[in-house]
Amino acid sequence: MSVRTTEEAEPGAEDGRAGAAARKREQHGWYFYDFACSVYSTSVLTVFLGPYLTAVAKAAADSEGYVHPLGVPVRAGSYFAYTVSVSVIVAVLVMPLVGAVADRTGRKKPLLAVAAYTGAAATAGMFFLDGDRYLLGGLLLVVANAALAVSMVLYNAFLPQISTPDERDTVSSRGWAFGYTSGALVLLLNLVLYQGHDSFGLSEGEAVRICLASAGLWWGAFALIPLRRLRDRAVVREPGAGPAVSGWRQLVATLKDMRRYPLTLSFLLAYLIYNDGVQTVISQASVYGSEELELEQSTLIVAVLLVQVLAVVGALGMGRLARVYGAKRTILGSLAAWGLTLAAGYFLPARTPVWFFALAAMIGLVLGGSQALSRSLFSHLVPAGKEAEYFSAYEMSDRGLSWVGPLVFGLTYQVTGSYRDAIISLVFFFALGFVLLARVPVRRAVRAAGNPVPERI
């Protein structure tokens, strides 16, 4: 049961310069979705929301430090991590269904618009998160995170259609670079507002809420560019292709189909493991810095700004390394660097910003490249005509099934009361992911998916 586009030839196979120009136009538009939504990941999820929502939960906590969402006792310090896990589980229910609908109808762009503006609206609504409204904060986080995950399924599914096999590492890396550039720019503006909140006549909480809401406005504004430039491809329904079904049933159907491509499934398993660690570091780093290392919010902002700037360098630099050594080897090198970075993070002294900045620099250099090259490598392993459906499974590894890491982080803290123990527990994800990825024969996997093998992979 599958659907194939009417443009089964290589992207850009259109005759002459007009086809190449059209492909470049789509690529440039595609970059701007990263530019639009990455401010959510940076300003909201990585910097402001974790410490702020934790503070809101603590304000609502009982005398023993617990809040009780739906009657369940939760330590206030773990509330943010648990909410991230819930948001990802919600995304798991929705992403496979959206991916299947996109492939069967060819209507990726309208679905992208709905997901993007749902997430942008929920993020803008965080302006109203004050006092002890931790339940409102949790609800908005769940909606925004799930909407972002769904939108990234659709966004990533365009990659095989707008780039040739030999272009994908470069195109994917540039997309991440655009995202980190916007994240750095908006975070710099947030830093000015947060640091100077008194001169603007704002309280610290009001400044944080404006920073949160501004990410939603930025997301919605710049999403207009890819929605104008990207184009949907017509599809031809093959015999036996049925209607879209529920999220869980569609996920099962997609995974059953993947069994015909076991090497693709092997890569996805490896990515699921190591990216769970990446996503947990992104979402919990600011909590670790503020709660365990006792760093000021301004220090955390500067550290994340450093990550954003160096992630641009890392994404482009690792893209070049991939052209020489191949994407797989370059990713393996980045996973080794991730493990060493977390091990170093365990020993960071409290109230010492310079060492936290050094850690941020190490993270920045490997963050963008490992994510960009993983996306482009997976795009080679997707059978033609199933881009959105397979990328829904990929996105569940990227943002969808990345609930185990935050859960492990939250449980470790709940049991030990130490964020240092929580952060070191994440090394396991990178070590296991390294071993699993090293065992995947990627050239054979590309051929098995029916795709041409690039010179370097």
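Residues numbered from 1 in each chain as written. Predicted model: local features only at pLDDT ≥ 70, side-chain atom pairs only at ≥ 80, totals over all residues. Heavy atoms only, no water.

## Observations concerning the environment of Gly201
And then number 1: For Gly201, the position within the fold is in the loop between helix H6 (168–195) and helix H7 (204–222).
And then number 2: Here the alpha-carbon distance between Gly201 and Val56, two residues 145 residues apart in the chain, equals 22 Å. (Helix = DSSP H or I, 4+ residues; strand = E, 2+ residues; numbered from the N terminus.)

## What to know about unusual backbone geometry
And then number 1: Despite not being glycine, Leu70 shows a phi value in the positive range, around 55°.
And then number 2: For Leu70, a relative accessible area of 88% corresponds to the exposed category.
And then number 3: Positive phi outside glycine occurs at Glu294, with the angle close to 55°.
And then number 4: Looking at the element boundaries, Glu294 is found in the loop between helix H10 (262–292) and helix H11 (297–325). (Buried < 20%, exposed > 50% of the residue type's maximum accessible area, 1.4 Å probe, protein only.)

## With respect to a positive patch on the surface
And then number 1: A surface patch of like charges, here positive, comprises Arg329, Arg443, Arg444, Arg447 and Arg456.
And then number 2: It is helix H18 (residues 442–448) that provides the largest number of residues to the positive patch, a total of 3 residues.
And then number 3: Secondary-structure assignment places Arg456 in the segment after H18.
And then number 4: On the accessibility criterion, Arg456 (47% relative accessible area) is partly exposed. (Patch = residues over 30% accessible without salt bridge, like charges linked within 9 Å, V, L, I, M, F, W, Y side chains within 5 Å. Areas by Shrake-Rupley, 256 points an atom, 1.4 Å probe, with all protein chains shown as cover. Salt bridge = Lys/Arg side-chain N within 4 Å of Asp/Glu carboxyl O. Lys, Arg positive; Asp, Glu negative; His and termini not counted. Charge placed at Lys NZ, Arg CZ, Asp CG, Glu CD.)

## A closer look at the packing of H11 against helix H12 (residues 327–346)
Helix-helix packing is characterised by the crossing angle of the two axes and by the distance between the axes.
And then number 1: Viewed as axis vectors pointing N to C, H11 and H12 meet at an angle of 130°, and their least axial separation amounts to 7 Å. One finds that H11 runs oblique with respect to H12. Contacts from Met318, Leu321, Ala322 and Tyr325 of H11 reach H12 at Ala327, Arg329, Thr330 and Ser334.
And then number 2: Residue composition of the contact of H11 with H12, by class: 5 nonpolar, 2 polar and 1 charged. (Axes fitted to C-alpha atoms, helices over the stretch in contact; angles between N-to-C directions. Parallel < 35°, antiparallel > 145°, perpendicular 65-115°, else oblique. Contact = heavy atoms within 4.5 Å. Nonpolar A, V, L, I, M, F, W, Y, C, P; charged D, E, K, R; others polar.)

## Describing H10
And then number 1: Here H10 contains 31 residues, and its C-alpha end-to-end distance of 42 Å stays within 8% of the 45 Å for a straight helix at 1.5 Å per residue.
And then number 2: A bend of about 50° at Gln284 is the largest found in H10.
And then number 3: Burial analysis of H10 places 24 of its 31 residues in the buried class, which makes it a mostly covered element.
And then number 4: Positive phi shows up at Glu294, right after H10, with a value of about 55°. (Expected span 1.5 Å × (residues − 1). Bend = angle between axes of the 7 residues up to and from the residue.)

## Looking at the confidence of the model for the chain
And then number 1: On average, residues of the chain score 84 in pLDDT, and 90% of them reach the 70 mark or higher.
And then number 2: When pLDDT is averaged over each element of the chain, H7 comes out on top at 96 and strand S1 (residues 3–5) at the bottom at 45.
And then number 3: Within the model, pLDDT remains below 50 along residues 1–15, and this stretch shows 45 contacts once partners closer than five positions in the same chain are excluded. (pLDDT = per-residue confidence, 0-100.)

## A word on the state of the cysteines
Here, the word disulfide means a covalent bond between the sulfur atoms of two cysteines.
And then number 1: Scanning the model with the defined rule gives 0 disulfides in all.
And then number 2: Its sulfur unpaired, Cys37 is 19 Å from the next cysteine sulfur, which belongs to Cys211.
And then number 3: Since its relative accessible area comes to 2%, Cys37 is described here as buried. (Disulfide = S-S within 2.5 Å.)

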